[in-house]
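# Commentary on secondary and tertiary structure
Okay, here's what each chain looks like letter by letter:
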2 protein chains.
Amino acid sequence: MIIVKELGRHFIFELFGCDPKALDDIKEIEKAMEEGAIESGLTIVGRVFYHFSPQGVTGVLVVAESHISIHTWPEFGYAALDVFTCSKDTDPMGVFSRMAELLKPASNSVVEMKRGIMKEGET
Amino acid sequence: MIIVKELGRHFIFELFGCDPKALDDIKEIEKAMEEGAIESGLTIVGRVFYHFSPQGVTGVLVVAESHISIHTWPEFGYAALDVFTCSKDTDPMGVFSRMAELLKPASNSVVEMKRGIMKEGET
């Protein structure tokens, strides 16, 4: 039997019905992402946070284990959150929990994608 | 009938069998991503490029339309490339083509995910 193994795990979160004010607060979003990254056991090596006019935030933390990104649409109460990690020790729920605490989504979903699937023996 | 509409399109590329030397060349990767972003009609607003020891590159371009990211594993000939855009005018193949020209994957795949799906009338 061939057992597949992946190089990275990519968690794709959808957050609906969020607090519009929190979705537009770039400072609090950066703080929460940083705290969530640490909570998830990630090591931050770079960052870009950008506030759009008239509203909306994009934030990216580049981590030693890959990246975390968020894009927010305050006018629709929506945020797209991604946690991509090459570490088997990362608990992505640390990031999600901290962001959900800030953004207060009414509903959410997550899909985990395996990235870089290799056959046994290749990894 | 309810027609669904999305706020963003997220293209998830898997590149296998790439040139290991190109996968470790941070300068050429940054140049190709920048050229690809422009080719795809994206507007760059921020960037982080990071070279890992002993090898591997992470690169993120934050664009007005969302983001582009790449993570490379030269030791496995693999790159994970993401193009997330909220613009209906973005052609993600501009980024992919430029990166493929540099990295020369033997095989590749792409998945398009709709992000922030709203019911008609909500968007």
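For the structure itself, look to the data block above.
Structure report, in brief. (Residues numbered from 1 in each chain as written. Chains lettered and ligands numbered in written order. Predicted model: local features only at pLDDT ≥ 70, side-chain atom pairs only at ≥ 80, totals over all residues. Heavy atoms only, no water.)

### Quick notes on the pattern of salt bridges
Residue and element names in this part refer to chain B.
- One pass over the structure, following the stated rule, counts 18 salt bridges over all chains.
- The partner of Lys31 in a salt bridge is Glu35, with the nearest N and O atoms 3.4 Å apart. Linking Lys31 with Glu35, this pair stays in helix H2 (residues 26-39), spanning four residues, or about one helical turn.
- Look at Glu35 and you get partly exposed, because its relative accessible area is 33%.
- The residue Glu35 makes a salt bridge to Arg98 at a minimum N-O spacing of 2.6 Å. On the criterion of sequence distance, the pair formed by Glu35 in helix H2 and Arg98 in helix H3 (residues 93-103) is long-range, its members being 63 residues apart. (Salt bridge = Lys/Arg side-chain N within 4 Å of Asp/Glu carboxyl O. Helix = DSSP H or I, 4+ residues; strand = E, 2+ residues; numbered from the N terminus. Buried < 20%, exposed > 50% of the residue type's maximum accessible area, 1.4 Å probe, protein only.)

### Re the packing of H2(B) against H3(B)
All names here are of chain B.
- At a minimum axis distance of 7 Å, the contact between H2 and H3 shows a crossing angle of 150°. Comparing the axis directions of H2 and H3 gives the class roughly antiparallel. Like other packed secondary-structure pairs, H2 and H3 cross with a definite hand, here right-handed. Together, Glu28, Ile29, Lys31, Ala32, Met33, Glu35, Gly36, Ala37 and Glu39 of H2 and Gly94, Val95, Arg98, Met99 and Leu102 of H3 make up the contact between the two elements.
- Taken together, the residues of the contact of H2 with H3 break down into seven nonpolar, two polar and five charged. (Axes fitted to C-alpha atoms, helices over the stretch in contact; angles between N-to-C directions. Parallel < 35°, antiparallel > 145°, perpendicular 65-115°, else oblique. Left-handed = near helix turned anticlockwise from the far one by under 90°. Contact = heavy atoms within 4.5 Å. Nonpolar A, V, L, I, M, F, W, Y, C, P; charged D, E, K, R; others polar.)

### A closer look at the pairing of strand E2 (residues 44-51) of chain A
Residues and elements named next belong to chain A.
- Bridge count between E2 and strand E3 (residues 57-63): seven bridges; the pairing is antiparallel. In the sheet register, Arg47 faces E3, and the bridge partner there is Leu61.
- In textbook terms, the turn of a hairpin is the stretch between consecutive antiparallel strands, and for E2 and E3 this stretch comprises five residues, one of which, Gly56, has a positive phi near 110°. (Pairing = 2+ DSSP bridges.)

### A look at the pairing of strand E4 (residues 66-73) of chain B
All names here are of chain B.
- Of all eight residues in E4, eight are buried, a share of seventy percent or more.
- Connecting the antiparallel pair strand E3 (residues 57-63) and E4 is a turn made up of two residues.
- Here E4 runs beside strand E5 (residues 78-85); their pairing, made up of eight bridges, is antiparallel. Looking at E5, one finds that His71 is bridged to Ala80.

### Observations concerning the relation of the copies chain B and chain A
- Least-squares fitting of chain B to chain A yields an RMSD of 0.0 Å, with the transformation described by 0.0 Å of translation along the axis and a rotation of 180°. The superposition operator between the copies reduces to a two-fold rotation axis. Across chain B, the smallest distance between a C-alpha and the rotation axis is recorded for Val48(B), namely 3.7 Å.
- In this assembly, 100% of the residues forming the interface of chain B have copies in chain A that are likewise at the interface, indicating an isologous arrangement. (Least-squares fit on C-alpha atoms with pLDDT ≥ 70 in both.)

### Some words on the interface of chain B and chain A
- Taken together, the contact between chain B and chain A spans 38 residues of the former and 38 residues of the latter.
- Summing both sides of the interface, chain B and chain A together bury roughly 2800 Å²; the carbon and sulfur share of this comes to 74%.
- Counting the contacts that link chain B with chain A gives four salt bridges.
- Salt-bridge contacts for Asp82(A) lead to Arg115(B); the nearest nitrogen and oxygen are separated by 3.0 Å.
- The tally of links from chain B across to chain A stands at twelve residue pairs in polar contact (both at pLDDT 80 or more).
- Going through the elements one at a time, strand E1 (4-16), strand E2 (44-51), E3, E4, E5 and strand E6 (107-119) of chain B are the ones with two or more residues in the side of chain B that touches chain A. (Buried area = accessible area lost by both parts, 1.4 Å probe. Polar contact = N/O pair within 3.5 Å; in protein donor to acceptor, adjacent residues only side chain to side chain.)

Read these as layout, nothing more, since geometry by itself doesn't imply function.
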